[in-house]
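# Close look at the chain arrangement
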Amino acid sequence: MRRIEHYAPLLFDKEEYFTQGHRACQGCAEALAVRLSAKALGRNTIVAMATGCMEIVSSPLPTTAWKVPWIHVAFENAAAVASGVESGLKALMRKGKLPQKKINVVGCAGDGGTADIGLQALSGAMERGHNMVYICYDNEAYMNTGIQRSSSTPFGASTTTSPAGKVRLGQETWKKNMPEIIAAHGVPYVATACSSYTVDLVEKVKRAAATKGPAYVHILSVCPTGWRIPPNLAIKYGRLAVESGIFPLYEVKNGKYFLTFDFQELVPVKNYFKGQGRFRHLTEEAVARIQKKVSEDYEKLKAKCVNIKK
Amino acid sequence: MTESAKKKVGIEVSLAVAEAVKQCDADVISAYPITPQTHIVEHLSELVANGELDAEFIPVESEHSAMSVCAGSSAAGARTFTATASQGLALMAEIVYCVSALRLPIVMVVANRSLNSPLSIWNDHGDVMMVRDSGWVQIFVENGQEAYDHIFWCFRVGEDRKVMHPVMLNMDGFIVTHVVEPIEFWSQEMVKKFLPPFQPLHRLHPDKPVTMGAFGPPEIFTECKVAQEHALVSCMPVIEKAWDELYEVCGRKYSAVEKYRADDAKTLLVTMGCLGETARVAIDELREAGEEVGLVSLRLWRPFPFSQFKAAVKNAENLIVIDRAVVFGGVGGPVALELKAALYSEAKRPRITNFIAGLASRDVQPEDFKQMFARAKKKLADGRDDEFEIYGVRG
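The rules behind the values
Residues numbered from 1 in each chain as written. Chains lettered and ligands numbered in written order. Predicted model: local features only at pLDDT ≥ 70, side-chain atom pairs only at ≥ 80, totals over all residues. Helix = DSSP H or I, 4+ residues; strand = E, 2+ residues; numbered from the N terminus. Rg over C-alpha atoms; globule rule 2.2 N^0.38 Å. Contact = placed C-beta atoms within 7 Å. Axes fitted to C-alpha atoms, helices over the stretch in contact; angles between N-to-C directions. Parallel < 35°, antiparallel > 145°, perpendicular 65-115°, else oblique. Left-handed = near helix turned anticlockwise from the far one by under 90°. Nonpolar A, V, L, I, M, F, W, Y, C, P; charged D, E, K, R; others polar. Pairing = 2+ DSSP bridges. Buried ≥ 20, exposed ≤ 12 C-beta atoms within 10 Å, placed from the backbone. Right-handed = clockwise from strand over helix to strand, strands pointing away. pLDDT = per-residue confidence, 0-100. Core = buried A, V, L, I, M, F, W, Y, C linked by C-beta atoms within 7 Å. Domains from an automatic or database assignment.

### What to know about the overall build of chain A
The helix and strand inventory of chain A stands at twelve helices and eight strands. Taking 19 Å as the expected radius of gyration for a compact globule of 310 residues, we find that chain A reaches 19 Å, a close match to that expectation. Its C-alpha atoms put chain A at 65 × 50 × 45 Å along the principal axes. Across chain A, contacts joining residues at least 24 apart in sequence account for 68% of those joining residues at least 6 apart.

So, in structure tokens, the structure goes:
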């Protein structure tokens with residue numbers, strides 16, 4: 001890894017499709033995730049994006065950060081719009097109205113647009129078997145509108161609609177497990193990724209694009225603004241989320257689970273919480289409760305993975 | 001026009017509409033089957049299943065996704081169709097507004113039906129009035145032949161590069177959609193002559209990347225809306241030309257404002273949709289009884305045909321507007337409100353009485369029009385013509 005500057009350019013497309021000049025906050029790891037996945041998808045891509053941070057920072061009229069065709073319609077329908085684009089192209093190419101060409105059709109949204117308001121449209125698109133990729137950029141709350149909780153906000157996090165108070169802990173529900181929900185649809189490819197693991201993220205998005213049928217990639221995207229951390233630490237916290245087992249990286253290929261990194265020993269969750277403003281109110285008791293759940297869930301996941309020796 | 005094309009076939013209107021969509025060679029049809037649907041999309045899925053229509057039929061999980069799929073496929077440059085009604089239209093309303101601003105020429109049939117609650121599946125215009133201001137080209141038809149003919153017209157107008165707007169064809173639920181009517185079908189040569197292939201101005205394609213549906217900060221939002229309003233209003237010449245050419249192709253003459261025995265009438269009934277056909281019967285009977293009465297039936301609802309409407313009513317002293325929807329807490333039905341506003345600045349304007357009738361398919365017969373005519377006369381005599389009335393309330 002020491003000589004990464006020599007071989008990294010060989011791994012990544014040098015061309016930018018999500019370009020500079022967008023208006024994301026300093027240290028936004030979601031913008032990084034979008035940029036990397038755009039590189040992985042390449043030029044022959046059409047993006048349908050839901051309302052959210054990435055949509056507003058990338059497209060304020062009359063400017064655009066997109067070098068690939070891009071459409072935004074509403075908050076809850078990115079998957080449906082993408083499935084429409086895919087169907088339109090399919091019909092036009094079959095009928096000879098457009099020349100045959102492999103085009104990646106991608107729907108994407110944040111965690112709110114995926115796990116909450118967009119879940120129905122996403123489930124429909126996955127079930128119908130469209131040849132498309134769906135990417136969830138999960139920053140664990142409605143950051144664009146002011147850090148309100150979503151069903152993807154982790155247990156214990158303080159947000160503007162799940163504030164920690166004298167009698168409340170903050171978010172009192174466990175993070176909705178979106179990758180498992182999509183895996184239950186029986187789609188051929190599901191993966192989790194994190195923008196702190198750039199090479200892995202790019203490879204997974206490439207695999208998703210090469211999949212025939214629906215593919216889903218869930219990317220943990222650290223949000224310094226909403227997580228209340230310094231902007232220069234976004235990458236570090238992404239790594240800690242993975243190393244602590246809070247956000248394990250894995251793939252589900254045709255129903256078979258593969259763990260991406262197997263850590264012999266997980267970093268304690270308290271190390272991940274430390275320094276994050278959204279968790280600073282957590283008591284030792286709450287941390288212990290979360291640690292127990294994280295360890296159990298990690299073991300359950302490992303037990304499912306075929307590449308782990310039992 | 002060939003003789004074979006002139007032959008009439010007895011067919012359920014919904015099925016005839018689906019046949020027209022097939023003849024237009026639609027590429028993508030997306031629909032949700034309930035909330036509620038008609039036989040239009042059922043028949044289209046059958047045509048696709050039998051290989052009679054080469055299209056992607058996308059049976060989505062909701063009406064909201066139906067319109068969202070249409071947005072995506074139309075943006076990709078595919079000829080796109082959907083149909084809906086009442087609750088389904090309500091659910092998709094958000095995206096109905098989006099696609100007109102995105103200038104996507106989707107064609108949608110709305111089988112006009114009541115909105116809940118109480119639950120009703122029957123006919124009135126309560127559903128479509130909710131999306132009146134959504135920026136779509138909107139027309140109403142009176143019968144099955146008009147519905148069939150106008151499917152070709154809708155694609156032709158919407159896809160015209162000077163228009164590039166979604167087009168909504170309203171037909172009264174059940175009263176038109178579910179009846180068997182004699183329909184004169186078009187031959188494929190006629191379709192080819194009237195409807196050119198869809199060639200979008202922009203499409204989502206990597207060969208020429210575009211950004212669609214961007215974020216509009218306050219510095220530019222007003223200008224976007226001005227452009228949208230300008231685009232909708234200025235498509236009137238294309239609309240008129242399409243009707244002229246439709247006449248040349250099939251021999252039926254349609255216009256934005258239809259008139260019946262109207263030119264010398266002192267009193268004009270004003271309807272929209274299939275009530276117009278019944279009103280004609282009543283007008284004939286009233287004429288025989290010596291009343292100077294005629295009919296104006298609105299076909300084009302958006303963009304509103306101000307000049308054509310003003311010309312049609314310029315000699316009338318009284319208008320009796322029969323609405324099929326309620327504007328709760330308002331001063332009349334939606335059509336009456338529109339017409340009052342349209343005529344307000346005229347130096348010489350007719351007096352307008354307004355009835356709301358035919359909610360949830362309650363039958364409106366020729367006798368009812370005569371009753372409304374008589375009541376309007378009395379209201380005018382009493383100076384109470386500004387009060388609207390929901391007609392035919394029991395008890």
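What follows picks up the thread again.
### Brief notes about the packing of helix α4 (residues 78–94) of chain A against helix α4 (residues 63–75) of chain B
Where α4(A) meets α4(B), the axes come as close as 6 Å, and the angle between the chain directions of the two elements is 45°. The angle between the axes of α4(A) and α4(B) places the two elements in the oblique class. Helix-helix and strand crossings are classified by hand; for α4(A) and α4(B) the assignment is right-handed. Where α4(A) abuts α4(B), its residues A:Ala80, A:Val81, A:Ala82, A:Ser83, A:Gly84, A:Val85, A:Ser87 and A:Gly88 lie against B:Ser65, B:Ser68, B:Val69, B:Cys70, B:Ala71, B:Gly72, B:Ser73 and B:Ala75. Partitioned by chemical class, the residues of the contact of α4(A) with α4(B) number eight nonpolar, eight polar and no charged.

### As for the sheet that holds strand β6 (residues 215–220) of chain A
In spatial order, the strands read β8(A)-β7(A)-β5(A)-β6(A)-β4(A)-β3(A)-β1(A)-β2(A)-β9(B); together these nine strands make up an open sheet with mixed pairing. The open sheet is flanked by β8 (256–259) of chain A together with β9 (211–212) of chain B, the only strands paired with a single partner. As paired strands, strand β5 (residues 189–194) of chain A and strand β7 (residues 250–253) of chain A are joined by three bridges and run antiparallel to one another. Looking across to β7(A), one finds that A:Ala191 is bridged to A:Glu251. Packed on one face of the sheet, helix α2 (residues 29–41) of chain A meets β1 (45–49), β3 (104–110), β4 (133–138) and β6 of chain A and runs near 160° to β4(A).

### Here we look at the interface of chain A and chain B
Each side of the interface is counted separately: chain A has 42 residues, and chain B has 38 residues. Of all elements in the fold, only β1, α3 (53–58), β2 (70–72), α4 and α6 (119–128) of chain A reach the threshold of two or more residues within the side of chain A that touches chain B. Ranked by residue count, the leading element in the side of chain A that touches chain B is α4(A), at 13 residues. Among the residues forming the side of chain A that touches chain B, the class breakdown is 22 nonpolar, 13 polar and seven charged. The pairing of β2(A) with β9(B) spans two bridges and is classified as parallel. Within β9(B), the position partnered with A:Trp70 by the bridge is B:Thr211.

### A short note on the pairing of strand β6 (residues 137–140) of chain B
Residue and element names in this part refer to chain B. Covered by surrounding structure in β6 are Val137 and Ile139 together with Gln138 and Phe140, the residues of both alternating faces. As paired strands, β6 and strand β7 (residues 167–172) are joined by four bridges and run parallel to one another. Among the inter-strand pairings, Val137 is bridged to a residue of β7, identified as Val167. Following the chain from β6 across helix α7 (residues 144–159) to the adjacent parallel β7, one finds a crossover that is right-handed.

### Overview of the environment of A:Tyr17
All names here are of chain A. Tracing the backbone shows Tyr17 in the loop between α1 (4–11) and α2. Given 22 C-beta atoms within a 10 Å radius, Tyr17 is considered buried. Separated by 17 residues in the primary sequence, Tyr17 and Val34 have C-alpha atoms spaced 9.4 Å apart. Among residues more than four places away in sequence, those in contact with Tyr17 are Ala38, Lys39, Arg43, Lys67 and Val68.

### A closer look at the packing of helix α2 (residues 13–23) of chain B against α7(B)
Residues and elements named next belong to chain B. The contact between α2 and α7 brings their axes to 9 Å, and the two run at 15°. With respect to α7, the element α2 is oriented roughly parallel. For the crossing formed where α2 meets α7, the hand is right-handed. When α2 is examined against α7, the residues Val13, Ala16, Val17, Ala20 and Val21 are found in contact with a partner set consisting of Gly144, Ala147, Tyr148, Ile151 and Phe152. By residue class, the composition of the contact of α2 with α7 is nine nonpolar, one polar and no charged.

### Digging into the environment of B:Glu19
Residues and elements named next belong to chain B. Structurally, Glu19 is set in helix α2. Taking the number of C-beta atoms within 10 Å as the measure of exposure, Glu19 has 23 and is therefore buried. Here the alpha-carbon distance between Glu19 and Leu44, two residues 25 residues apart in the chain, equals 7.6 Å.

### Some thoughts on the sheet that holds β6(B)
Residue and element names in this part refer to chain B. Here seven strands make up an open sheet; going across it, the order is β3-β2-β4-β5-β7-β6-β13 and the pairing mixed. The strands lining the two open edges of the sheet, one partner per strand, are β3 (56–59) and β13 (300–302). Looking at each pair of strands side by side, their axes are set apart by 20° on average, direction ignored. The sheet contact formed by strand β5 (residues 107–112) and β7 spans six bridges and is parallel. Bridge pairing links Met108 to Met168 in β7.

### Observations concerning the confidence of the model for chain B
Scored by pLDDT, chain B has a mean of 96; 99% of the residues are at 70 or more. Per the prediction output, this complex has pTM 0.97; the corresponding ipTM is 0.96.

### Description of the environment of A:Ser58
All names here are of chain A. Positionally, Ser58 belongs in helix α3. We classify Ser58 as buried; it has 26 C-beta atoms within 10 Å. In sequence terms Ser58 and Ala31 are 27 residues apart; their C-alpha atoms lie 9.3 Å from each other. If we skip the residues at most four places from it in the chain, Ser58 touches Phe18, His22, Thr64, Ala65 and Trp66.

### Remarks on the nonpolar core
Residue and element names in this part refer to chain B. Counting residues in each nonpolar core, the largest one holds 223 residues, and the members touching the most others are Val17, Ala71 and Val270. When residues of this core are assigned to domains, at least three map to each of domain 1 (3–250) and domain 2 (257–390). Contact partners of Val270, with chain neighbours within four places excluded, come to Val296, Leu298, Leu319, Ile320, Val321, Ile322, Val335 and Leu339.

### A few points about the pairing of strand β12 (residues 293–298) of chain B
Residues and elements named next belong to chain B. Of all six residues in β12, six are buried; the element is thus mostly enclosed. With burial as the criterion, each face of β12 is covered, one bearing Val293, Leu295 and Ser297 and the other bearing Gly294, Val296 and Leu298. Bridge analysis of strand β10 (residues 257–260) against β12 gives four bridges, and the strand direction is antiparallel. Directly across from Tyr260, in β12, lies its bridge partner Leu295. Looking at chain direction, strand β11 (residues 267–272) and β12 are connected through six bridges and run parallel. In the sheet register, Thr271 faces β12, and the bridge partner there is Ser297.

### Remarks on unusual backbone geometry
All names here are of chain B. The step from Ser117 to Pro118 runs through a cis peptide bond, and the omega angle for that step is -5°. Note that Pro118 resides in the loop between β5 and α6 (126–129). Put simply, Arg302 and Pro303 share a cis peptide bond, and its omega is -5°. Here Pro303 is to be found in the loop between β13 and α12 (306–313). Phi angles above zero are rare outside glycine, and Ser86 is one such case at about 25°. Topologically, Ser86 is positioned in helix α5 (residues 86–101). Residue Ser86 is classed as buried on the basis of its 28 C-beta neighbours within 10 Å. For Arg261, which is not a glycine, the phi torsion comes out positive at approximately 45°. Mapped onto the secondary structure, Arg261 falls in the loop between β10 and β11. Residue class for Arg261 comes out partly exposed when judged on the 16 C-beta atoms lying within 10 Å of it.

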